[in-house]
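What follows is each chain in one-letter form.
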Amino acid sequence: MKKNRLVLALGLILMALMTVGAQKPIEISFWSLFTGGDGEFFDAMVKAFNESQNEIVMKTDTVKFTNYYTKLTAALSAKNAPDVVVVHQSQLVNYVPNGVFLPLDEYVQKAKIDLSTFSPAPLNSCKFDGKLYAIPLDVHPLVMYYNKDLMAKAGVTKVPETLSELISAAKAIQDKTGAIGIALDNTTATYKAYTLTRMFMSLLMEQNTTILDASNKRANFNNEAGVKAYQALSDMVNKYKLVPKQLDYDSSVSSFKLGKAGFHFNGVWTVGAFESQSGLNFGVVQFPALLGKNAGWTDSHTFAVPVQKTIDPDRIMAVMKFIDWMTQHGEMWAKAGHIPTRTTVYSKPEFKNLPHRAEYADAAKNTFSAPATPKWGELYDAISDSLEESIALNKDAKAALDQLEKKVNDILK
Amino acid sequence: MQSRKPGLYSCSAGFRFFEWRYYYMHLAAHTKRDLILFSAPFLLVYMAFLVFPVVYGIYLSFFDWNILSGKVFVGFRNFVQAFSDEKFKSSFFHTLQFVALSTPILIVVGFLMALISVRPTKLGKTAESIFFLPYMFSTTVVGTLWAWLLQKNFGLVNQLLQAIGLKGVGWLTDPNIAMLSIVMATLWWTAGFNMILFSAGMKQIPDEIYESARLDGAGKFVTLTRITIPLLKDTTLLVVILQIIASFKVFGQVYVMTGGGPYGTTRVLVQYVYETGFNYFKLGYASAMSMILFFVILVISAAQLLSSKDEGQ
């Protein structure tokens, strides 16, 4: 009996020593904003990362998207944000000037992350005053979806590349099949009609015009390019009646998903949802060059490192390993529809075997980001509301652009 | 009427404050200590989560602050800005619209519900539960539920309308209808609360009054207009004040159901305050607009309370 106890005690001591001897994995906290469709794929990636090595354990906490930036801002202000966070590229400008994110150049070098394997456009849009403040995981540009079956039924043989081709193809589909010609959300419901702003910005950029002037201080669309861009949008709805009025975002997505719409404009993030719909035979192309060259609005999910009360280089190096791994495994993230940012991913068979992705991978080359001004959030809402109103009330281009210009300049004042 | 005890929800509470102070002064020391000790937990929470934020909000309304940078004192600029801000004006107007549309109907329906539910029958009890049930749901649940029901293309209501050969209505996307849809959802959601207040008031009216009226040959209608309604005056005043305050604070169901759309035609003031504060991070300006709303509600409530006291006593 006594001997047994002695053995047991020795065993316990031995076990305790072994635990101390083995390296304890470092626990890294992070926040992401992915819910719904994207969320599954992101969680799966994090799980795969945790299983791929035994030094780092990533602990997640998904925050509801509508509250994400509120919560993030509060946490950043109190300096108790997690070790790494997911932030939209368009939002970086709200944070970087306030010094709440760490410049990453030094750590990127130490972690030997090869920046030359990143697509230049998304990477450069994470730089402020020459310093890198975030690393892009993806780009998710505006694209055009088309329903192959409806096109065939209506006798449309070519994916439209110009405005007139789009109009006539959509018209043929609407007339011959009874489906919606173009599913484009143009009213606010649970989600604002941001697609209108994204389209408007893209149509401007196709004519080499940015929505704000170079200094981001004034509206830059009350001109010929603006008239053309607005007219193209308004005509789809009011003149050709190819877009149903009062169509909200969810209905726009649902109608295309259910095979009840010929064309659909949206970001790439719905590819995954459309693929899971049985019986939907669709294609995706970059936003067509309706008014000039190819140019599509995009945003990007990036990783940024909040400044902590005390900076622990070991933790930051662990974060760098995580970011490196996540961006190198972009083919897993591409399942959600997003376009990976590392060119090394494009040649992987896992990526090549994904359907549709090759069709719109081009889109990443012809994209542009929202203007880098901290007022963009407010402008985005105001422009979307104003375009929604003008198109709903069928205002002429002059009245619409005058009103829009005033709203934009008032906010920028 | 003189012998009537002050009701559970009597509005005269504010005027009795001085009486209470008189009682308090004559209490024994240990009783006073107990009173304070027992109310301390509540008072602490109340201070931390209500009094402090209110005071801090007043302070903030004189600053420019985006949470991440330092605060900059701007005096009354935020208040001045509000009065030249089109979005503030339109949002304020939409709130007034909601108050005007929702308050009367919520009070009348709450009253009618109370009339049904105070009956000591099984039906009355059942009706009371049914009427009050929606009030227990959170804003998000109510908003999401109604947003789905009223959705233009796939919502249940329009599906039913189309099934009987009618055209679907843009319940939430037609600028002439969206606000009415929100009022409808709010009615379903909160009328039950007014019912509870009214029926509590009705239960305090002594049965003898009804009995003697019946003996005098008064019909149902006369009893209602001559006894129930006049004797519910205090309760009604309370319901009116609470309802107006609640309607001014409308936000959640609008945010979930229409997001302020179509094109901002249902954006209410609290929504704009929320967006300004938490989406555009202009905390000072958002606080200033809240203070304006607070002031408006304060003036309206005080005016109502005072005017009714004048005629009543």
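What counts as what
- Residues numbered from 1 in each chain as written.
- Chains lettered and ligands numbered in written order.
- Predicted model: local features only at pLDDT ≥ 70, side-chain atom pairs only at ≥ 80, totals over all residues.
- Heavy atoms only, no water.
- Core = buried A, V, L, I, M, F, W, Y, C linked by side-chain atoms within 4.5 Å.
- Buried < 20%, exposed > 50% of the residue type's maximum accessible area, 1.4 Å probe, protein only.
- Helix = DSSP H or I, 4+ residues; strand = E, 2+ residues; numbered from the N terminus.
- Contact = heavy atoms within 4.5 Å.
- Domains from an automatic or database assignment.
- Polar contact = N/O pair within 3.5 Å; in protein donor to acceptor, adjacent residues only side chain to side chain.
- Salt bridge = Lys/Arg side-chain N within 4 Å of Asp/Glu carboxyl O.
- Expected span 1.5 Å × (residues − 1).
- Pairing = 2+ DSSP bridges.
- Buried area = accessible area lost by both parts, 1.4 Å probe.
- Nonpolar A, V, L, I, M, F, W, Y, C, P; charged D, E, K, R; others polar.
- Axes fitted to C-alpha atoms, helices over the stretch in contact; angles between N-to-C directions.

Caption draft 1: Fine view of the nonpolar core. Residues and elements named next belong to chain A. In this structure, Ile182, Leu184, Phe200, Ile211, Phe221, Met236 and Phe263 are the most contacted members of the largest nonpolar core, which totals 81 residues. With eight residues, helix H9 (residues 194-206) is the single largest residue contributor to this core. Ignoring any residue separated from it by four or fewer positions in sequence, one finds Phe221 in contact with Phe200, Leu204, Ile211, Gly226, Val227, Leu401, Leu404, Glu405 and Val408. Grouped together as the second largest cluster of nonpolar side chains are 61 residues, Met45, Ile56, Trp325 and Trp333 included.

Caption draft 2: Structural view of the domain arrangement of chain B. Each domain of chain B was delimited in the assignment, giving domain 1 (1-51) and domain 2 (61-312). Its C-alpha centre places domain 1 of chain B at a distance of 29 Å from the equivalent point of domain 2 of chain B.

Caption draft 3: A look at the side chain of His264 of chain A. All names here are of chain A. Tracing the sequence through the fold places His264 in strand S9 (residues 261-267). Residue class for His264 comes out buried when judged on its relative accessible area of 0%. At 3.3 Å, the side chain of His264 and the side chain of Asn266 are in polar contact. Discounting residues that sit within four places of it in the chain, His264 has contacts with Val143, Met144, Tyr145, Ala183, Ser252, Val253, Phe256 and Phe274.

Caption draft 4: Quick peek at the pattern of salt bridges. All names here are of chain A. Counted under the stated rule, the structure contains 22 salt bridges over all chains. Taking the shortest distance from any N to any O, the salt bridge between Lys321 and Glu55 comes out at 3.1 Å. You can see Lys321 sitting in helix H13 (residues 313-328) and its partner Glu55 sitting in the loop between helix H2 (36-52) and strand S2 (56-62), a full 266 residues away along the chain. Assessed through its relative accessible area of 46%, Lys321 is described here as partly exposed.

Caption draft 5: Main features of helix H19 (residues 397-412) of chain A. Residue and element names in this part refer to chain A. Its 16 residues give H19 an end-to-end C-alpha distance of 22 Å, which sits within 8% of 22 Å, the value for a rise of 1.5 Å per residue. For H19, the complete set of buried residues consists of Ala397, Ala400, Leu401, Gln403, Leu404, Val408, Asn409, Ile411 and Leu412. Of the residues flanking the start of H19, the one acting as N-cap is Asp396, its side-chain oxygen 3.0 Å from the backbone nitrogen of Lys398.

Caption draft 6: Layout of the environment of Lys257 of chain A. All names here are of chain A. Checked against the element boundaries, Lys257 lands in helix H11 (residues 249-257). Taking the relative accessible area as the measure of exposure, Lys257 reaches 26% and is therefore partly exposed. When the C-alpha positions of Lys257 and Val271 are compared, they lie 9.9 Å apart, and in sequence the two are 14 residues distant. The residues touching Lys257, leaving out its near neighbours within four places in the chain, are Ala273, Phe274, Gln277 and Leu280.

Caption draft 7: Molecular detail of the pairing of S9 of chain A. All names here are of chain A. Most of S9 sits out of view: seven of its seven residues are buried. Bridge count between strand S7 (residues 138-147) and S9: five bridges; the pairing is antiparallel. Paired with Tyr146 across the two strands is Phe263, which belongs to S9. Strand direction decides the pairing type here: strand S8 (residues 180-183) and S9, joined by three bridges, are parallel. Across the sheet, residue Ile180 finds its bridge partner in S9, namely Ala261.

Caption draft 8: How the structure looks around the environment of Arg77 of chain B. Of note, Arg77 of chain B is situated in helix H3 (residues 77-83). When the C-alpha atoms of Arg77 of chain B and Ser287 of chain B are compared, they prove to be 12 Å apart, with 210 residues separating the residues in sequence.

Caption draft 9: Fine view of the domain arrangement of chain A. Residues and elements named next belong to chain A. Examined at the domain level, chain A breaks down into domain 1 (25-140 + 299-368) and domain 2 (142-298 + 372-412). When each unit is reduced to the centre of its C-alpha atoms, the spacing between domain 1 and domain 2 is 28 Å. Across the contact, 20 residues belong to domain 1 and 24 residues belong to domain 2. Buried surface at the junction of domain 1 and domain 2, summed over both partners, amounts to about 2000 Å²; 61% is from carbon and sulfur atoms. One can count one salt bridge joining domain 1 with domain 2. Residue Glu275 pairs with Arg357 through a salt bridge whose shortest N-O separation is 2.9 Å. If you look at where domain 1 meets domain 2, you find seven residue pairs in polar contact (both at pLDDT 80 or more). Element by element, the count of residues in the side of domain 1 that touches domain 2 is highest for helix H17 (residues 357-361), at three residues. Looking at the side of domain 1 that touches domain 2, its residues break down into seven nonpolar, seven polar and six charged.

Caption draft 10: Layout of unusual backbone geometry. Cis geometry is adopted by the peptide bond preceding Pro262 of chain B, which originates at Gly261 of chain B and carries an omega value of -5°. Residues other than glycine seldom take positive phi values, yet His356 of chain A does so here, at roughly 70°. Mapped onto the fold, His356 of chain A is located in the loop between helix H16 (349-352) and H17. Backbone geometry places Asn394 of chain A, a non-glycine residue, at a positive phi of 50°. Residue position: Asn394 of chain A is located in the loop between helix H18 (376-392) and H19. Overall, Asn394 of chain A belongs to the partly exposed group, its relative accessible area being 47%.

Caption draft 11: Region of interest: the pairing of strand S12 (residues 301-304) of chain A. Residue and element names in this part refer to chain A. Taking every second residue as pointing to the same face, both faces of S12 are buried, with His301 and Phe303 on one and Thr302 and Ala304 on the other. In terms of strand pairing, strand S3 (residues 84-88) meets S12 through four bridges, oriented antiparallel. Residue pairing in the sheet places Val87 in a bridge with Thr302 of S12. Sheet topology note: the strand S6 (residues 135-136)/S12 ladder contains two bridges and is antiparallel. By the bridge assignment, Ile135 is partnered in S12 with Phe303.

Caption draft 12: Up close: the interface of chain B and chain A. Listed as interface residues are 25 residues of chain B and, on the opposing side, 33 residues of chain A. Interface area, chain B with chain A, both sides summed: about 2300 Å², of which 54% is carbon and sulfur. It is Leu68, Phe154 and Tyr263 of chain B in chain B that bury the most area against chain A; as a group they hold 31% of the surface buried on that side. On the surface where chain B and chain A come into contact, there are two salt bridges. Measuring nitrogen to oxygen at the nearest pair gives 2.6 Å for the salt bridge that ties Arg267 of chain B to Asp385 of chain A. Inspection of the chain B/chain A interface yields nine residue pairs in polar contact (both at pLDDT 80 or more).

Caption draft 13: How the structure looks around the packing of helix H4 (residues 86-117) of chain B against helix H5 (residues 122-132) of chain B. Residue and element names in this part refer to chain B. Packing of H4 against H5 brings their axes to within 8 Å, and their N-to-C directions diverge by 150°. Across the interface between the two elements, Met113, Ile116 and Ser117 from H4 touch Gly124, Ala127, Glu128 and Phe131 from H5. Looking at the contact of H4 with H5 residue by residue, the class counts come to four nonpolar, two polar and one charged.

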